[in-house]
Amino acid sequence: MDKKNLINKIMALKKEHNAVIVAHNYQVDDVQELADVTGDSFALSKYCASTKYDVVVFCGVHFMAESAKILSPDKTVLLPEIDAGCPMANMVTAETLRKAKKEHPKAAVVCYINSSAEVKAESDICCTSSNALKVVKSLEQEEVLFVPDKNLGHYISKQLPEKKFIFWDGFCVTHHRVTPEQVIKAREAQPDAILLVHPECRPEVVEMADFVGSTRQIIQYANSSPHKKFIIGTEMGIMYQLRTENPDKEFYLLAQSFVCPNMKKTSLNSVYEALRDMKYKIELDEDIRLKAKTALDRMLAIE
Ligand code: 13P
Ligand code: SF4
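Within each chain, residues carry numbers counting from 1 in the order of the written sequence. Chain letters start at A and ligand numbers start at 1, both assigned in the order the entries are written. Since the coordinates come from a predicted model, pLDDT governs what is reported: local features require at least 70, and pairs of side-chain atoms require 80 or more to be given and counted, while whole-chain, interface and lining totals use all residues. Side-chain descriptors were evaluated using all non-hydrogen atoms of the structure, hydrogens and water having been removed beforehand.

1. Quick look at the overall build of the protein chain
Rules: To qualify as a helix, a DSSP run of H or I must reach at least 4 residues; to qualify as a strand, a run of E must reach at least 2; elements of each kind are numbered from the N terminus. C-alpha atoms define the radius of gyration, and 2.2 Å times the number of residues to the power 0.38 defines the globule rule. For every residue, the accessible area obtained with a 1.4 Å probe (protein chains only) is divided by the maximum for its type, and the residue is called buried under 20%, exposed over 50%, and partly exposed between those limits.
When helices and strands are tallied, the protein chain shows 15 helices and 12 strands. Taking 2.2 N^0.38 as the reference for a compact globule, 303 residues should give roughly 19 Å; the C-alpha atoms of the protein chain span a radius of gyration of 19 Å, in line with that estimate. C-alpha extents for the protein chain along the principal axes are approximately 55 × 55 × 30 Å. Out of the 303 residues belonging to the protein chain, those deemed buried represent 55%.

Structure representation (structure tokens):
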């Protein structure tokens, strides 16, 4: 089927099922173009908590669709590619977290939204890369067990010296492999560009940046900046919106390896098949869902 035909069929199915298509900022260009809503993890979870549609087609990775289902149990939430997971989210399990909680009974458990529903259910509060500082700041406890991203945890801890952090040994493979040497090279190639990075990058890279933020915050920063050239330190899918919204500015990817294979699994065809066959439905155990929802609701109440 050609692209035009495929899009027409998707539009007809969307209408038939009263569905909305949401896409993360890392999705392939075609999917971002098709989506009704694009955003970072925080914006998309907030949107899914309030949307009136019956069906949400979540173009992203598993934990994102799961968060939408946690917040909107009465809606049908579809993940077009069921194998689109997040390796970092798999670096912590409910069982290993329960063990750590016993070792640190006084610590508040803050879990990055890049985690399973079971892990959220074991946590006091969730956070995303856009609100982690506010979330941790809001806690009464001095001790914080931060899971699973040690790089985001480290970035926040530098701004909150009054808190005692216990880091988890988790990280995003895509962000963590980028090195300070690559930053030096990129700056040499584009000396008048400024560097915008995601806090999932390793601390040595984050320290070299001019701005650190979530995918949405990076887009907002570039859109409103008077600068004309930017080196982008996050997954390459973000280039679509940066270039579409800023045709007069230049964007250079910090490293060609900035590709999340899981974010690249969803295509127009998988969105079509998802709506045609109503697959893959996210289902959750109600007890887990309610506990996970408490952690997400606490986060949403802070903003
Ligand atoms: P954002 O919340 O910044 O969109 O990040 C999600 C993510 O998975 C980054 O790798
Ligand atoms: Fe997970 Fe990293 Fe991919 Fe984000 S970029 S979804 S953290 S693997």
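2. Description of the layout of surface pockets
We apply this condition: Computed over the protein atoms alone on a 1 Å grid, cavities are sets of points where a 1.4 Å probe fits but cannot get out and pockets are open sets with protein on both sides within 12 Å along at least five of seven lines; a residue lines them when it has an atom within 4 Å of a point. Grid points are joined across faces, edges and corners, and a volume is the space filled by probe spheres set on the points. Throughout, the ten residues Ala, Val, Leu, Ile, Met, Phe, Trp, Tyr, Cys and Pro are labelled nonpolar, Asp, Glu, Lys and Arg are labelled charged, and all others, Gly among them, are labelled polar.
The calculated volume of the largest pocket comes to roughly 340 Å³. Taken together, the elements giving at least two residues each to the lining of the largest pocket come down to α3 (41-50), α4 (62-71) and α9 (173-176). Tallying contributions element by element places α9 first for the lining of the largest pocket, with 3 residues. The residue makeup of the lining of the largest pocket, split by class, is 16 nonpolar, 13 polar and 3 charged.

3. A closer look at the sheet that holds strand β3 (residues 55-59)
Threshold: For two strands to count as paired, DSSP must find a minimum of two bridges between them. Here, axes are lines fitted to C-alpha atoms. For helices the fit covers the stretch in contact, and angles between N-to-C directions go from 0 to 180 degrees.
An order of β2-β1-β3-β4 is seen for the 4 strands of this open sheet, with the pairing classed as parallel. Whereas interior strands pair on both sides, the edge strands pair on one side only; in this sheet they are β2 (37-39) and β4 (76-78). Averaged over all pairs of adjacent strands, the angle between strand axes in this sheet comes to 20°, irrespective of strand direction. Sheet topology places strand β1 (residues 19-24) next to β3; 5 bridges connect them, and they run parallel. Paired with valine 22 across the two strands is phenylalanine 58, which belongs to β3.

4. Overview of the environment of asparagine 90
Summarising the element assignment, asparagine 90 is placed in the loop between β4 and α5 (94-103). A residue is classified by how much of its surface remains accessible, and asparagine 90, at 61% relative accessible area, is exposed. Considered as a pair, asparagine 90 and valine 110 are 20 residues apart in the sequence and their alpha carbons are 16 Å apart.

5. A look at the site of ligand 2
For the record, the criterion: Think of it this way: one heavy atom of a residue within 4 Å of a molecule or strand is enough to make that residue near it. Those molecules having more than half of their atoms within 2 Å of a cavity or pocket grid point set are described as sitting in that cavity or pocket.
Surveying the vicinity of ligand 2 reveals the residues Tyr26, Val61, Cys86, Pro87, Met88, Asn114, Cys172, His175, Glu200, Cys260 and Met263. At a threshold of 2 Å from the grid points, most atoms of ligand 2 map onto the largest pocket. Looking at the shell around ligand 2 residue by residue, the class counts come to 8 nonpolar, 2 polar and 1 charged.

6. Overview of empty space enclosed by the protein
Empty space among the atoms becomes apparent when a probe as large as a water molecule is rolled across them. One pass over the full model with this rule turns up 1 cavity of 30 Å³ or more. Quantified by volume, the largest cavity comes out at close to 50 Å³. Taken together, Ser41, Leu44, Ser45, Cys48, Phe58, Met64, Ser67, Ala68 and Ile113 make up the full set of residues lining the largest cavity. Breaking the lining of the largest cavity down by element, the ones donating at least two residues are α3 and α4. Among the elements that take part in the lining of the largest cavity, α3 stands out by supplying 4 residues, more than any other. Here the residues of the lining of the largest cavity are counted per class, giving 6 nonpolar, 3 polar and no charged.

7. Quick word on helix α1 (residues 3-17)
Note the following rule: For a helix, the expected span equals 1.5 Å multiplied by the residue count minus one. The arc in question is the one traced by the directions running from the helix axis out to the C-beta atoms.
Helix length check: α1, at 15 residues, gives a terminal C-alpha distance of 21 Å against a target of 21 Å (1.5 Å per residue), a fit within 8%. Taken as a whole, α1 has its buried residues at Leu6, Ile10, Leu13 and Lys14. For α1, the arc enclosing every buried residue in end-on projection is 105°, short of the 170-degree limit, so these residues lie on one face. Across α1 from its buried face, at more than 90 degrees, point the exposed residues Lys4, Lys15 and Glu16.

8. Focus on the site of ligand 1
Convention followed: Polar contact criterion, stated in full: a pair of N or O atoms within 3.5 Å, where within protein one must be able to donate a hydrogen and the other to accept it, and residues adjacent in sequence count only if both atoms are side-chain atoms. Residue burial considers only the protein chains on display, and all accessible areas are found by Shrake-Rupley using a 1.4 Å probe.
Lining the immediate surroundings of ligand 1 are His24, Tyr26, Asp40, Ser41, Asn114, Ser129, His175, His198, Glu200, Ser214 and Thr215. Histidine 24 is positioned with one of its side-chain polar atoms (N or O) 2.6 Å from an oxygen atom of ligand 1. Glutamate 200 is positioned with one of its side-chain polar atoms (N or O) 2.8 Å from an oxygen atom of ligand 1. Relative to its unbound accessible area of 310 Å², ligand 1 is 96% covered by the protein chains. Most atoms of ligand 1, that is more than half of them, are within 2 Å of grid points of the largest pocket. The residue inventory of the shell around ligand 1, partitioned by class, reads 1 nonpolar, 8 polar and 2 charged.

9. So, the side chain of threonine 234
For clarity, the threshold we go by: Whether two residues are in contact is decided by their heavy atoms, any of which lying within 4.5 Å being enough.
Take threonine 234: it is sitting in the loop between β11 (229-233) and α13 (238-245). Polar contacts involving the side chain of threonine 234 include one to the side chain of tyrosine 26, which spans 2.6 Å. Excluding anything up to four places from it in sequence, threonine 234 contacts Tyr26, His175, His198, Ile218, Leu253 and Phe258.

In short, geometric facts, not functional conclusions.
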